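Residues per chain, in single letters:
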Protein chains: 2
Amino acid sequence: MIKVVILGTGNVATHLFNAFFNSEKAVIIQVYNHQPENLKAFAEKTSTTTSLNSLKKADVYLIALKDDVIEKIAAQLQDLDGIVVHTSGSVGIDVLKKFNRRGVFYPLQTFSKSKEVNFEEAPICLEAGSETDFVTLKKLAESISKNVFPISSEQRKSLHLAAVFVSNFVNHMYVMGEEICKEKMVPFEILQPLIKETANKVTTLKPSEAQTGPAIRKDQKTIDAHFSVLENERQKEIYTLLTKSIQQFHGKEL
Amino acid sequence: MIKVVILGTGNVATHLFNAFFNSEKAVIIQVYNHQPENLKAFAEKTSTTTSLNSLKKADVYLIALKDDVIEKIAAQLQDLDGIVVHTSGSVGIDVLKKFNRRGVFYPLQTFSKSKEVNFEEAPICLEAGSETDFVTLKKLAESISKNVFPISSEQRKSLHLAAVFVSNFVNHMYVMGEEICKEKMVPFEILQPLIKETANKVTTLKPSEAQTGPAIRKDQKTIDAHFSVLENERQKEIYTLLTKSIQQFHGKEL
């Protein structure tokens, strides 16, 4: 049984806690947060603490805190007799260099408080300071996911950036779709099969092969017609830039 | 049995042909294209013609041709003893006004030649010149899909525009994710669970509620870090504009 202390009580911490809670190979022996009210939800299920000096002895300390807090917390901690890892996609392993044993445990998934995540499918990107610690982190990751990858700090930076495009920016496209539908009283639900199929397509086709639409067809008549329907500057700017980008990218390819 | 003639042999025509071929309530009695070589794939399964003067008598004539060709073909046709419909999201019903009976049969889905489409889930947006013809088109649509909606020409224009955002532009975000991963030899597959979950999320949450990422958190440190990883101008421009747009949209909301 791998003993884990989680530092943090936000989205990532909560989803990891729930995933480990159902795992048979890992156990959360403690959750830390500096605010006692944030610990209430966890107190029924495990030990909790508001003091960094009272952390229990564990195999892995998971710092699941906001990016800019990781460094501060690391500075306040004594070296620990276990592997100290953070869960951030955009922070390097170096921020933990004061610890003799360190690593990164980055679950590449989008977390919302109100929606459960199927961790089995969520890729977990691992990095460790030593081969032995990598093996331990791998066991821990495989106890909740079947997609575990070794990813360097440099690769992780790119992956995190790519994730912003394929998830955060994609969701903003959904927001704009919703906004456009709302204006004409069209229910957003009509778009959901299209959204699903667009996501599914890239499991069998390369994204560049899956591109469709007026931009890649250079169908200027439709592009002009769309432009006349667009109701605000924000939408117009985005429509123009992405149409240009699609044409540049695929022009380059031909 | 509703008798259908399809005019066109492109992506939409082919996918509709296959869907109707498996339906028990409709039969494709003929496929038209002006180029004989495009008809070869259909000739084994139904009657074909290269002449607009030799169209068979049918209940519905489905013009599944490029947007700018619909009007030309309509001009060449005599009035037909059946409902003449087109399948375009961006063309109004008016383009068919010379026909006594007319309509629109717009399947809101993304079609690629090389990937089969599950039509059952694809919404079909219908418009008709009369109540009676609407009923016939509804029967026809329901023979291949369980998501059939009455949508006016004006609504369809907005829907088609919204579809560009949630499908074509979304796919371009996938293209950029792939491009970023490739530079660091990270397999694009790692992003697929995230892509799927991002699409799934908006079946239970409103897109505006599902937004995550550094832009909405106003996490300028991560935004700056991403910017230093971006390798080309196209990516930088898009990153900047979408980050600004997310902050404007959600600033407005608060």
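Up top is the structure these notes are about.
Every chain is numbered on its own, with residues counted from 1 as its sequence reads. Here the convention is simple: chains get letters from A, ligands get numbers from 1, in the order in which they are written. Totals for whole chains, interfaces and linings use all residues, but because this is a predicted model, local features are given only for residues with pLDDT of at least 70 and pairs of side-chain atoms are given and counted only at 80 or more. Side-chain measures were taken over the full set of non-hydrogen atoms in the model, leaving aside hydrogen atoms and water.

Chemist: Quick question: what am I supposed to make of the nonpolar core here?
Modeler: The nonpolar side chains of soluble globular proteins are, as a tendency, buried together. Residues L191(A) and L191(B) are the most contacted members of the largest nonpolar core, which totals 78 residues. Only heavy atoms matter for contacts: two residues are in contact if any of them lie within 4.5 Å across the pair. Setting aside its immediate chain neighbours within four residues, L191(B) contacts L108(A), L159(A), A162(A), A163(A), V166(A), G177(B) and C181(B). By nonpolar core we mean a set of buried residues, namely Ala, Val, Leu, Ile, Met, Phe, Trp, Tyr and Cys, connected to one another through side-chain atoms within 4.5 Å. Burial status follows relative accessibility: with a 1.4 Å probe on protein chains alone, a residue under 20% of its type maximum counts as buried, one over 50% as exposed, and anything between as partly exposed.

Chemist: Explain helix α5 (residues 153-183) of chain A here, please?
Modeler: Because an α-helix completes one turn every 3.6 residues, residues spaced three or four positions apart along the sequence face the same direction. Residue and element names in this part refer to chain A. With 31 residues, α5 ought to run about 45 Å at 1.5 Å a step, and its terminal C-alpha atoms sit 44 Å apart, in line with that. Per the convention used, a helix needs a DSSP run of H or I reaching at least four residues, while a strand needs a run of E reaching at least two, with both numbered from the N terminus. Most of α5 sits out of view: 27 of its 31 residues are buried. Downstream of α5 by a residue or two, M185 has a phi angle that is positive, lying close to 60 degrees. By this rule the span expected of a helix is its residue count minus one, scaled by 1.5 Å.

Chemist: Please clarify how the interface of chain B and chain A should be interpreted in this entry.
Modeler: When the parts of a complex come together, some accessible area is lost, and that lost area is often taken as the interface size. Across the boundary between the two partners, chain B contributes 94 residues, which contact 94 residues of chain A. Computed with a 1.4 Å rolling probe, the buried area is the accessible surface lost when two parts are put together, summed over both parts. Across the interface of chain B and chain A, roughly 8800 Å² is buried in total on both sides, 70% from carbon and sulfur atoms. Interface area lost by chain B to chain A is led by F165(B), V166(B) and I190(B), which between them contribute 8%. By convention in these notes, a salt bridge is any Lys or Arg side-chain nitrogen within 4 Å of a carboxyl oxygen on Asp or Glu. At the boundary of chain B with chain A, the tally comes to five salt bridges. Whenever a nitrogen or oxygen atom comes within 3.5 Å of another N or O atom, the pair is scored as a polar contact, on the condition that within protein one atom can donate a hydrogen and the other can accept it, and that pairs from neighbouring residues in sequence are kept only if both atoms are in side chains. Taken together, the connections running from chain B to chain A amount to 25 residue pairs in polar contact (both at pLDDT 80 or more). The element that contributes the greatest number of residues to the side of chain B that touches chain A is helix α5 (residues 153-183) of chain B, accounting for 28 residues.

Chemist: Explanation requested: the environment of T48(A) in the structure shown.
Modeler: Residue and element names in this part refer to chain A. For T48, the position within the fold is in strand β3 (residues 47-49). In this structure the C-alpha to C-alpha distance between T48 and I29, which are 19 residues apart in sequence, comes to 8.5 Å. Not counting chain neighbours up to four residues away, the residues in contact with T48 comprise Q30, V31, L39, F42 and A43.

Chemist: I would appreciate a short explanation of the relation of the copies chain B and chain A in the present structure.
Modeler: Applying a rotation about an axis and a shift along it to one chain copy brings it onto the other copy. Least-squares fitting of one copy onto the other uses the C-alpha atoms of those residues that reach a pLDDT of at least 70 in both copies. Least-squares fitting of chain B to chain A yields an RMSD of 0.0 Å, with the transformation described by 0.0 Å of translation along the axis and a rotation of 180 degrees. What we have between these two chains is a two-fold relation. Identified as the residue of chain B closest to the rotation axis by C-alpha distance is V170(B), at 2.7 Å. When the interface residues of chain B are mapped onto chain A, 100% of them again fall at the interface, so both copies present the same face.

Chemist: Even after reading the chapter, I still don't get the pairing of strand β5 (residues 83-86) of chain B, so can you show me in this structure?
Modeler: All names here are of chain B. Both faces of β5 are covered, namely the face carrying I83 and V85 and the face carrying V84 and H86. Pairing geometry for strand β4 (residues 60-63) and β5, over four bridges, is parallel. Within β5, the position partnered with Y61 by the bridge is V84. A crossover gets the label right-handed when its path from the first strand over the helix to the second runs clockwise, viewed with the strands pointing away from the viewer. Crossover handedness for the path β4 to helix α3 (residues 67-76) to β5: right-handed. A pair of strands is treated as paired once DSSP finds two or more bridges between them.

Chemist: Please explain the state of the cysteines as it appears in this structure.
Modeler: Cysteine sulfur pairs qualify as disulfides if the two atoms are within 2.5 Å. Scanning the entire structure with this criterion turns up zero disulfides over all chains. The thiol of C181(A) is unpaired, and the distance to the nearest cysteine sulfur, on C125(B), comes to 9.8 Å. By relative accessible area, C181(A) is classed as buried at 1%.

Chemist: What is the right way to read the pattern of salt bridges from this model?
Modeler: It is possible for side chains of opposite charge to pair when their charged atoms get near one another. For the structure on display, the rule yields 21 salt bridges over all chains. Between R217(A) and D219(A) there is a salt bridge, with the nearest N and O atoms lying 3.0 Å from each other. Under the relative-accessibility criterion, R217(A) is labelled partly exposed at 45%. The salt bridge partner of E237(A) is K244(B), with a shortest N-O separation of 3.7 Å. Here K244(B) lies in helix α10 (residues 233-253) and E237(A) lies in helix α10 (residues 233-253), a pairing that spans two chains. With relative accessibility at 36%, the residue E237(A) sits in the partly exposed group. The structure contains a network of salt bridges with shared partners spanning E154(A), K184(B) and E231(B).

Chemist: Help me out: how do you make sense of the sheet that holds β4(B) in this one?
Modeler: Pairing between the strands of a sheet comes from backbone hydrogen bonds, and it takes one of two forms, parallel or antiparallel. Residue and element names in this part refer to chain B. Sheet architecture is open: eight strands sit in the order β3-β2-β1-β4-β5-β6-β7-β8, paired in mixed fashion. The open sheet has two free edges, formed respectively by β3 (47-49) and β8 (148-150), since each of these has just one partner strand. Across this sheet, the average inter-strand angle for adjacent strands is 25 degrees, counted without regard to direction. Note that strand β1 (residues 2-7) and β4 share four bridges and pair parallel. Residue pairing in the sheet places V4 in a bridge with V60 of β4. Note on geometry: axes are lines fitted to C-alpha atoms, helical ones only across the stretch in contact, with angles between N-to-C directions running from 0 to 180 degrees. Relative to strand β7 (residues 124-128), helix α4 (residues 131-142) is tilted by about 160 degrees, and along the sheet it contacts β1, β2 (26-32), β4, β5, β6 (102-107), β7 and β8.

Chemist: What should I look at first to understand the packing of aromatic side chains in this one?
Modeler: Between two aromatic rings, the relevant description is the distance of the centres plus the angle of the planes. Here a Phe, Tyr or Trp ring, Trp counted by its six-membered ring, pairs with any other such ring whose centre lies within 6.5 Å, and the pair is stacked when the planes are under 30 degrees apart, edge-to-face when over 60, and tilted otherwise. Evaluation of the coordinates by the stated rule reveals 14 aromatic pairs over all chains. Between F20(A) and F105(A) the ring centres are 6.2 Å apart and the planes differ by 45 degrees, which places this aromatic pair in the tilted class. In this pair, F20(A) sits in helix α1 (residues 11-21) while F105(A) sits in strand β6 (residues 102-107), placing the two residues 85 residues apart along the sequence. You can call F105(A) buried: its relative accessible area is 0%. Relative to F169(B), the ring of F165(B) lies with its centre 5.1 Å away and its plane at 80 degrees, an arrangement referred to as edge-to-face. Of this pair, F165(B) and F169(B) are both found in helix α5, four residues apart, which corresponds to roughly one turn of the helix. A relative accessible area of 0% places F165(B) in the buried class. According to the relative accessible area criterion, F169(B) is buried, its value standing at 1%. Following the ring pairs from residue to residue traces out a cluster consisting of F165(A), F169(A), F227(B) and Y239(B). The ring of F21(A) has K45(A) lying over it, and the distance from NZ or CZ to the ring centre is 4.9 Å. As a reminder, the over-ring test applies to NZ of lysine and CZ of arginine, requiring each to be within 6 Å of the ring centre and within 35 degrees of the ring normal.

Chemist: I would appreciate a short explanation of the pairing of β2(B) in the present structure.
Modeler: Remark: a regular strand shows side chains that alternate across the two faces of the sheet. Residues and elements named next belong to chain B. Of all seven residues in β2, six are buried, a share of seventy percent or more. Pairing analysis gives six bridges linking β1 to β2, with the strands arranged parallel. Following the sheet pairing, L7 is matched in β2 by Y32. What joins β1 to β2 is helix α1 (residues 11-21), and the crossover it makes is right-handed. Sheet topology note: the β2/β3 ladder contains three bridges and is parallel. Within β3, the position partnered with V31 by the bridge is T48. This β-α-β element, β2 to helix α2 (residues 36-43) to β3, shows right-handed connectivity.

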